[in-house]
Amino acid sequence: KYHGVSQFDPVTGEFLAKKKEDFSARFGAELCGLAEKDARICAITAAMPSGTGLTRFASLHRDRFFDVGIAEEHAVAMAAGMAAQGLVPIVALYSTFLQRAYDQIIHDVNLMQLDVLFAVDRAGLVPGDGATHQGIYDVAFFSNVSIPIFAPANYAELRYWLTYLVREAHGPRMIRYARGGENPALAALPCTGARYDVLDPVDGARVALVSYGAETEEIIAAKDLLAQHGVQADCVKLTQLYPLPDGVCDTLKHYDTILFAEDTVRTGGIGEQLGFAMQQCGWQGEFLLHAVDNSHLLHANVPELRKDQQLDAAALCADILNALKEKQA
């Protein structure tokens, strides 16, 4: 219990606040439901059953739950062997620790296109744990070996896409979600089942703000800030990150300025890939990219991390306004 400590009474040791519902808990609950209907589904983690929301799964499906200890490499190699024998293993790990198993992801799972789903917890900017726990590399290293990536922005999307990825999709695939709960602005978004959505499009908008997952909160807020300056913008939210969803470039080529924001590293990220794809389709507008500078990361909460990394709404708005001002000069 004292590995990761929240506020507690120093005399009794009793924790003062009950754990709130979050993406990890929702993932665990949904996986339990799927496992009840499919005896092939197994869950694997590496010394983080409670952190990944798998405590209930471990209780309900004891013969299908495997905690391998602090051995992420073995977790992925074991999943490969299980998939080769017809099971459907789900490997639930924090993004930062999954880095240890990159060799196994490539050689044991991906080369043979085995049916393994990676559930990547604590994806993106992570509050309170410092530089060692930031989940900022997974998008780059999964996309660079051509593994499909999905990033739900709220619980409804988590349920929909987890069900799809377990029941219908095959081969190596990945779903990623942030630490903590869904943001109210993102919870209000409908789950359309589309691989990307244009959120409340505005007639005549010439600016597109593009993002995915938890960072979508900031492009929605930036849209409102831009409107206060008389600039109309549309928000485009990706749910399928890699490969880029069919049709997204055709949608975006009608805008003069595109800003892409992601809480992962710039090099190898989706922003770079989208910018290249837009160039390849003949688009000649201005592409602005905001991503994580991994040379330094603060020990801070998410709003502070976003501000430091120029990923907050104010920074996104300012970049658009500066770009438009330069065009008019």
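Refer to the structure printed above.
Let me begin by describing the structure that accompanies this report.

Rules behind the numbers
Residues numbered from 1 in each chain as written. Predicted model: local features only at pLDDT ≥ 70, side-chain atom pairs only at ≥ 80, totals over all residues. Heavy atoms only, no water. Helix = DSSP H or I, 4+ residues; strand = E, 2+ residues; numbered from the N terminus. Rg over C-alpha atoms; globule rule 2.2 N^0.38 Å. Buried < 20%, exposed > 50% of the residue type's maximum accessible area, 1.4 Å probe, protein only. Lys, Arg positive; Asp, Glu negative; His and termini not counted. Charge placed at Lys NZ, Arg CZ, Asp CG, Glu CD. Pairing = 2+ DSSP bridges. Contact = heavy atoms within 4.5 Å. Axes fitted to C-alpha atoms, helices over the stretch in contact; angles between N-to-C directions. Parallel < 35°, antiparallel > 145°, perpendicular 65-115°, else oblique. Left-handed = near helix turned anticlockwise from the far one by under 90°. Nonpolar A, V, L, I, M, F, W, Y, C, P; charged D, E, K, R; others polar. Core = buried A, V, L, I, M, F, W, Y, C linked by side-chain atoms within 4.5 Å.

**Considerations on the overall build of the protein chain**
Within the protein chain, the secondary structure is distributed over 13 helices and twelve strands. Computed over the C-alpha atoms, the radius of gyration of the protein chain is 20 Å, within 12% of the 20 Å expected from 2.2 N^0.38 for a compact globule of 329 residues. Projected onto the principal axes, the alpha-carbon positions of the protein chain cover approximately 65 × 55 × 35 Å. When burial is assessed residue by residue, the protein chain has 52% of its 329 residues classed as buried. Each charge class in the protein chain was averaged separately, 27 positive and 41 negative side chains, and the resulting centres sit 5 Å apart.

**Description of the sheet that holds strand β5 (residues 149-150)**
Across the sheet, which stays open at both edges, the seven strands sit in the order β2-β1-β3-β4-β6-β5-β10 with mixed pairing between neighbours. With one partner strand each, in any of the chains shown, β2 (65-67) and β10 (240-242) form the two edges of the open sheet. Note: β5 against β10, two bridges, orientation antiparallel. Its bridge partner lying in β10, Phe150 is registered against Gln240. Along the sheet, helix α1 (residues 23-37) makes contact with β1 (41-45), β3 (88-94) and β4 (117-121), crossing β1 at roughly 150°.

**Quick word on the packing of helix α9 (residues 216-228) against helix α13 (residues 313-328)**
Across the interface, α9 lies against α13 with an axial gap of 8 Å and an inter-helix angle of 50°. The angle between α9 and α13 falls in the class oblique. Every pair of crossing elements has a handedness; the one defined by α9 and α13 is right-handed. Here Glu218, Ile219, Ala221, Ala222, Leu225 and Leu226 of α9 lie close against α13, whose contacting residues are Ala313, Ala314, Leu316, Cys317, Ile320 and Leu321. Along the lines of polarity and charge, the residues of the contact of α9 with α13 split into eleven nonpolar, no polar and one charged.

**Section: the nonpolar core**
Formed by 54 residues in total, the largest nonpolar core has its most connected members in Leu98, Phe118, Phe142, Val210, Leu238, Leu252 and Ile270. Here this core takes seven residues from helix α3 (residues 72-84), the largest share from any one element. Leu189, Ala233, Val265 and Ala323 belong to the second largest nonpolar core, which has 30 residues in total.

**A short note on unusual backbone geometry**
Pro243 follows Tyr242 through a cis peptide bond whose omega is -10°. Tracing the backbone shows Pro243 in the loop between β10 and α10 (248-252). The phi dihedral of Arg122 falls on the positive side, at around 55°, and the residue is not glycine. Judged by relative accessible area, which is 13%, Arg122 ranks as buried. One non-glycine residue, Ser146, lies in positive phi territory at about 60°. Ser146 gets classed as partly exposed once you look at its relative accessible area, which sits at 47%.

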